[in-house]
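Overview (structure and organization)
Residues per chain are reported as follows:
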Amino acid sequence: MAFVSSETSVTHALSARAVKILIAGGFGVGKTTMVGSVSEIRPLRTEEMLTELSSGVDDLSGVEDKTTTTVALDFGRITINPDLILYLFGTPGQERFWFMWDELAYEALGAVVLADTRRLESCFAAVDFFERREIPFMVAVNCFDNAPLYEIHEVREALSIDNAIPTVLCDVRKRNSSKQVLVTLLEYLIGLARSATAPAEADVAESR
Amino acid sequence: MKLENEFWFDEDAGPLVRPYAVARGRTRPTRHNLEMTTLVVAARTDRDVNVDREYAHILRMCQQPLSIAEVSATLNLPLVVVKVLLSDLIDWGLVIFRSPPRTSDVPQMELLQAVLDGIRKL
């Protein structure tokens, strides 16, 4: 293959790095809306082809039993500074697919589980997923109009999550509200990192 | 859905060939360390490189650092196919890449603080 080089060509350097945060929750809870409300670009959609073993078929025979499913996810981008880009990925609606999508969760800084009080059970699976994978997460209750209002502690109880896990109310249609959710998540992550690196110091600080 | 049409290149055209044909039937990239948030950028600014259409499109697109997910979304091709194409471009020295930082890396605090500061400024 011939490469044409020209005198004017400039060599690019790549000093930037990217991190990601996942936005999870049941179908229609507002994941893409949240991504869109804080993203500097209109949410983009990417897709992956995942292979799964068909169930209920003789699985001794190998490749013939594998089916390929296309799973889509929406994401947005926030350029933190020229060297750091944050991507927000809304997990796909079909839970059984994203749960086997290892790459999605791999090296995520943390996750927001969006909850809808009209059907809290739709986010049980996401909570369970992050707990099992030890990915730090918080819960953000998206306050839909006409949705029953609950106290934060009632939501925590219903989801049976630890008191340490931040749980907030939000309206993901509003940029400021989505932004505040992310601030809460990052403060939580920083707190976790701090207590992991200096447990003694953290104890002292808390007892003050 | 309006949203889905907005990022198609060449007007409203969908992919002209089936995804795996673009990658010549390959479903596994030669490089296994490419992830959806791996950043890629064209190694050089010259655009008249003699490569096939999809490769040339990626090189034009990647004059600024982009994640593999963004390349995939813009080309309307699945991540796995884009990874195959990017592996080729990396092997040929036409694209450079940078993997996302490992969460096990020590300066995690600085990273998290930088992200928090950036979000606060939104």
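Rules of the game
- Position numbers for residues start from 1 in each chain and track the written sequence from start to end.
- Written order determines the labels here, with chains lettered from A and ligands numbered from 1.
- Totals for whole chains, interfaces and linings use every residue, but because this is a predicted model, local features are given only for residues with pLDDT of at least 70 and side-chain atom pairs only at 80 or more, for both listing and counting.
- Think of it this way: any DSSP run of H or I at least four residues long counts as a helix, any run of E at least two long counts as a strand, and we number them from the N terminus.
- With C-beta atoms placed from the backbone, a residue is labelled by how many other C-beta atoms lie within 10 Å of its own: buried for 20 or more, exposed for 12 or fewer, partly exposed between the two.
- A residue's pLDDT is simply how confident the predictor is in it, with values from 0 to 100.
- By the criterion used throughout, residues are in contact when their C-beta atoms, derived from the backbone, lie within 7 Å.
- In this count, Pro and Cys sit with the nonpolar residues alongside Ala, Val, Leu, Ile, Met, Phe, Trp and Tyr, while Asp, Glu, Lys and Arg are called charged and the others, Gly among them, polar.
- For two strands to count as paired, DSSP must find a minimum of two bridges between them.

1. With respect to the overall build of chain B
A tally of regular secondary structure across chain B gives six helices and three strands. Across chain B, helices and strands are ordered from the amino to the carboxyl terminus as α-α-β-α-β-α-α-β-α. Per-residue burial for chain B yields a buried fraction of 41% across its 122 residues.

2. With respect to the confidence of the model for chain B
The predicted model of chain B has a mean per-residue pLDDT of 83, with 79% of residues at 70 or higher. This prediction of the complex comes with two scores: 0.84 for pTM and 0.84 for ipTM.

3. Notes on the environment of A:Tyr106
By the element assignment, A:Tyr106 lies in the loop between helix H3 (102-105) and strand S5 (110-115). A sequence separation of 86 residues divides A:Tyr106 from A:Lys20, and the C-alpha atoms of the two residues are 9.4 Å apart.

4. What about the interface of chain B and chain A?
Tallying the contact residues gives 44 residues for chain B and 44 residues for chain A. Counting residues per element, the ones that place at least two in the side of chain B that touches chain A are strand S1 (39-42), helix H4 (68-75), helix H5 (79-91), strand S3 (95-98) and helix H6 (108-120) of chain B. Per element, the largest residue contribution to the side of chain B that touches chain A is eleven residues, and it comes from H6(B). For the side of chain B that touches chain A, the per-class residue count stands at 25 nonpolar, nine polar and ten charged.

5. Section: the sheet that holds S1(B)
All names here are of chain B. Taking strand neighbours across the sheet as the criterion, the three strands line up as S2-S1-S3 in an open arrangement whose pairing is antiparallel. Of all strands in the sheet, those bounded by a partner on one side alone are strand S2 (66-67) and S3. Both S1 and S2 contribute to a ladder of two bridges, which runs antiparallel. Across the sheet, Val40 pairs through a bridge with Leu66, a residue of S2.

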